[in-house]
Amino acid sequence: MTLLSVQNLRAYYQTQAYGISRTVRAVDGISFDLLPNEVYGVAGESSCGKTTLIKVISGNAKPPLKVLEGSVNYTFGERTVDMLRISQSELRRNVRWKQISYVMQGSMSVLNPVRKVIKTFQDIVDTHEHIKNKNEFLERTRTHINRLGLPAEVLNAYPHQLSGGMRQRVAIALATVFQPALIIADEPTTALDVVVQRGVLQMIRDIQAMSSNTVLLVTHDMAVHANVADRVMIMYAGRIAEEAPTESIFNAPLHPYTQHLINSLPVIGEKSTKASLKGSPPNLADPPSGCRFHPRCPFVMDECRTVVPDLVSVKERHRVACHLVKEDSL
Ligand SMILES: Nc1ncnc2c1ncn2[C@@H]1O[C@H](COP(=O)(O)OP(=O)(O)OP(=O)(O)O)[C@@H](O)[C@H]1O
Ligand SMILES: [Mg+2]
């Protein structure tokens, strides 16, 4: 059983300025599945397309972002949802918050800065026709907040009165009141200090354990994935470089880019400086030919410059796109 099936998804930003058109190939041929009751991590350096990917799969793609190709299909129990064809009203009425919640990058964006937290909660109720009784909803919200260990006073605060960590926890609490099948959190711990990060991650774990829903956790921080994710997708320049259970990603990474991300994690007690990878991720308006990682790859070969590597399965649930790794070689 799968919760979400994404096939060959291509989504580009197409802009026009001064008569010059520009295409940013931010999501360029991505296929993956999400299973019920798993924490799925999406990793990769800044600008590799992580936020763009979740905008599309959560039904939040707006111009200049355009979906050119592919499919995004959900199965919620008996119901299936084709995210690329669903109407906005249907999305608002039956899917958003109820089945899919999206905690956007930067928690302030969920909470309205000029409204008390409780009012933001009510705004959500107003868009949900299936909740007829507001008192019942408020009671449900209070219980939910309580269960997550947040003080009841947060509901009467303005967002700016809360610390960054508390704001993020409130945003996550808000997103999970309806116990959605899928919770998408984009960089929920970035910009928080390590101790606060731990609290936010623990809360995500608690929610997942309580409701057995699926969490899609997007962060460039590999240490967070190591702690929370069941499986991890490594994105590079709009494509999947590698996908595997977290243990395989960290213990047996096959793609040179994954190896680089893991090797750059700090190790306690280690004094030597880490060898860093040369260059930076490519401009997605003009990405390199062949394997997009080839200009930075320490193992680059001729074919890497011209041939796009297929994403092949090397083991059960372990996929890699690298010419060094052949499907039949393992
Ligand atoms: N509205 C936009 N118009 C044009 N290009 C955009 C727009 N939003 C993002 N991009 C480009 O799309 C590419 C992917 O961006 P995206 O935000 O998906 O990356 P990301 O992996 O989420 O990065 P980060 O880790 O910094 O959040 C980047 O090259 C970015 O500049
Ligand atoms: Mg992002």
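Structure's up top.
In what follows, the accompanying structure is described. Bear in mind that the values here come from a model prediction, so they are computed numbers and not experimental data. (Residues numbered from 1 in each chain as written. Chains lettered and ligands numbered in written order. Predicted model: local features only at pLDDT ≥ 70, side-chain atom pairs only at ≥ 80, totals over all residues.)

Time to look at the overall build of the chain. From N to C terminus, the chain includes 10 helices and 12 strands. Counting only C-alpha atoms and orienting by the principal axes, one finds that the chain spans roughly 65 × 50 × 45 Å. Among the 330 residues that make up the chain, the fraction classed as buried is 40%. Partitioning the contacts of the chain with sequence separation of at least 6, the portion at a separation of at least 24 is 64%. (Helix = DSSP H or I, 4+ residues; strand = E, 2+ residues; numbered from the N terminus. Buried ≥ 20, exposed ≤ 12 C-beta atoms within 10 Å, placed from the backbone. Contact = placed C-beta atoms within 7 Å.)

Between Pro63 and the following residue, Pro64, the backbone shows a cis peptide bond with an omega angle of 10°. Relative to the helices and strands, Pro64 is located in the loop between helix H1 (50-57) and strand S4 (65-76). Non-glycine residue Ala191 carries a positive phi angle of around 80°. Tracing the backbone shows Ala191 in the loop between strand S7 (182-186) and helix H6 (194-211). The partly exposed category is assigned to Ala191, around which 14 C-beta atoms lie within 10 Å.

A few words now on the environment of Arg231. Take Arg231: it is sitting in strand S9 (residues 231-236). Separated by 12 residues in sequence, Arg231 and Glu243 have C-alpha atoms that sit 7.3 Å apart.

Okay, the sheet that holds strand S1 (residues 4-17) next. Here 4 strands make up an open sheet; going across it, the order is S2-S1-S4-S5 and the pairing antiparallel. Where the open sheet ends on each side, the last strands, each with one partner, are strand S2 (20-34) and strand S5 (79-82). Adjacent strand axes in the sheet meet at a mean angle of 15° when their direction is disregarded. In terms of strand pairing, S1 meets S2 through 11 bridges, oriented antiparallel. Among the inter-strand pairings, Arg10 is bridged to a residue of S2, identified as Asp28. (Pairing = 2+ DSSP bridges. Axes fitted to C-alpha atoms, helices over the stretch in contact; angles between N-to-C directions.)

This next bit is on the sheet that holds strand S3 (residues 39-43). Spatially, the 8 strands line up as an open sheet ordered S6-S7-S8-S3-S9-S10-S12-S11, and their pairing is mixed. Strands with a single pairing partner mark the edges of an open sheet, and in this sheet they are strand S6 (100-103) and strand S11 (312-315). The mean inter-strand angle of the sheet, taken between neighbouring strand axes irrespective of direction, is 20°. Where S7 lies against strand S8 (residues 214-218), 5 bridges are found, and the strand directions are parallel. Counterpart to Ala185 in the pairing with S8 is Leu217. Across the sheet, helix H9 (residues 256-263) touches S3, S9 and strand S10 (239-245), and the angle it forms with S9 is around 110°.

The subject of this paragraph is the site of ligand 1. Close to ligand 1 lie 16 residues, the nearest being Tyr13, Ser46, Lys50, Thr51 and Thr52. Per-element tally for the shell around ligand 1: the top contributor is H1, with 3 residues. For the shell around ligand 1, the class distribution of residues is 6 nonpolar, 9 polar and 1 charged. (Near = placed C-beta within 6 Å. Nonpolar A, V, L, I, M, F, W, Y, C, P; charged D, E, K, R; others polar.)

With that out of the way, let us pick up the nonpolar core. Of all hydrophobic cores here, the largest spans 83 residues; its most connected members are Val103, Leu182, Ile184, Ala185, Leu216, Ile234 and Met235. A total of 7 residues in this core trace back to one element, the largest contributor, which is helix H5 (residues 164-175). (Core = buried A, V, L, I, M, F, W, Y, C linked by C-beta atoms within 7 Å.)

Turning our attention to the packing of H5 against H6. Orientation of H5 relative to H6, taken along the N-to-C sense of each, is 10°, at an axis distance of 9 Å. On the basis of the axis angle, H5 is roughly parallel to H6. Contacts from Gly165, Gln168, Arg169 and Ile172 in H5 reach Val196, Gly199, Val200, Met203 and Ile204 in H6. Counted by class, the contact of H5 with H6 contains 5 nonpolar, 3 polar and 1 charged residues. (Parallel < 35°, antiparallel > 145°, perpendicular 65-115°, else oblique.)

Moving on, we get to the environment of Arg319. Structurally, Arg319 can be placed in strand S12 (residues 318-320). By C-beta crowding, Arg319 is classed as buried, having 22 other C-beta atoms within 10 Å. A C-alpha to C-alpha distance of 27 Å links Arg319 and Asn60, two positions 259 residues apart in sequence. Among all residues touching Arg319, those that are not within four sequence positions of it are Glu242, Glu243, Leu311, Val312 and Ser313.

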